[in-house]
Amino acid sequence: CQIRGTDVMSPHGIPIDLLDRTLMVRLVPYNTDEMVQILSLRATVEGIEVEESALRLLSDIGTRTTLRYAVQMLTPARIVAETSGRTAITEEDVKDVDALFLDGKASGKMLAKSEGYMS
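Residues numbered from 1 in each chain as written. Predicted model: local features only at pLDDT ≥ 70, side-chain atom pairs only at ≥ 80, totals over all residues. Heavy atoms only, no water.

Thoughts on the overall build of the protein
A tally of helices and strands in the protein yields seven helices and two strands. Relative to a compact globule of 119 residues, whose C-alpha radius of gyration would be 14 Å, the protein shows 20 Å and is clearly more extended. Expressed along its principal axes, the backbone C-alpha trace of the protein runs to roughly 65 × 40 × 20 Å. Taking the intrachain contacts of the protein between residues at least 6 apart in sequence as the baseline, contacts between residues at least 24 apart amount to 51%. When the accessible area of the protein is evaluated, it comes to approximately 8600 Å², of which 56% is carbon and sulfur surface. (Helix = DSSP H or I, 4+ residues; strand = E, 2+ residues; numbered from the N terminus. Rg over C-alpha atoms; globule rule 2.2 N^0.38 Å. Contact = heavy atoms within 4.5 Å. Areas by Shrake-Rupley, 256 points an atom, 1.4 Å probe, with all protein chains shown as cover.)

Set out below in structure tokens:
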């Protein structure tokens, strides 16, 4: 690629002297079991009880969207569970929260479809 603003060609469009100082890290998406582990650990750290089926559903949602979105769903799902008089998050709580919120990709698609205005 051409380095922006010059006529010099370089891999990735990055100057060679800078490229020599960088570290390339190959990232691969988490699989479902790894997501369940991460979500379980995060719930434990935050003091949230989550049923196994709810963790599986959250990991499926994380696979469809992002792990960040799935982790961020823990707190609203806890609030829904507490409102219903339970201490542990169930699969139904996760479904309710998923219906209430949009992840970044879905929100962007909705805005693109509605030409910048939500109806």
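Here's the deal with the nonpolar core
Counting residues in each nonpolar core, the largest one holds 21 residues, and the members touching the most others are L39, V50, M73, L74, I89 and V94. For this core, the secondary-structure elements that each account for two or more residues are α2 (32–46), α3 (52–64), α4 (67–72), α5 (74–83) and α6 (91–100). For this core, the leading source of residues is α3, giving five residues. Those residues within four positions of I89 in sequence are excluded, and the remaining contacts are I48, E49, V50, E51, A54, L74, A77, R78, A81 and V94. (Core = buried A, V, L, I, M, F, W, Y, C linked by side-chain atoms within 4.5 Å. Buried < 20%, exposed > 50% of the residue type's maximum accessible area, 1.4 Å probe, protein only.)

Concerning the side chain of S10
Of note, S10 is situated in the segment before α1 (16–19). If near-sequence neighbours (up to four positions away) are discounted, S10 is found in contact with C1, I3, P15 and I16.

Section: α5
Every buried residue of α5 is accounted for by L74, A77 and A81. Along the axis of α5, the buried residues cluster in a sector spanning 65°; they form a single face. Taken together, the buried residues of α5 touch α2, β1 (49–50), α3, α4, β2 (88–89) and α6. (Arc of directions from axis to C-beta.)

Structural notes on α3
For α3, built from 13 residues, the straight-helix expectation of 18 Å at 1.5 Å per residue is met to within 8% by its first-to-last C-alpha distance of 19 Å. Of the positions making up α3, those classed as buried are A54, L55, L57, L58, S59, I61 and G62. (Expected span 1.5 Å × (residues − 1).)

A few points about the packing of α3 against α6
The contact between α3 and α6 brings their axes to 8 Å, and the two run at 30°. Comparing the axis directions of α3 and α6 gives the class roughly parallel. Residue-level contacts link S53, A54, L57, L58, I61 and R64 of α3 to E91, V94, K95 and D98 of α6. For the contact of α3 with α6, a count of residues per class yields five nonpolar, one polar and four charged. (Axes fitted to C-alpha atoms, helices over the stretch in contact; angles between N-to-C directions. Parallel < 35°, antiparallel > 145°, perpendicular 65-115°, else oblique. Nonpolar A, V, L, I, M, F, W, Y, C, P; charged D, E, K, R; others polar.)

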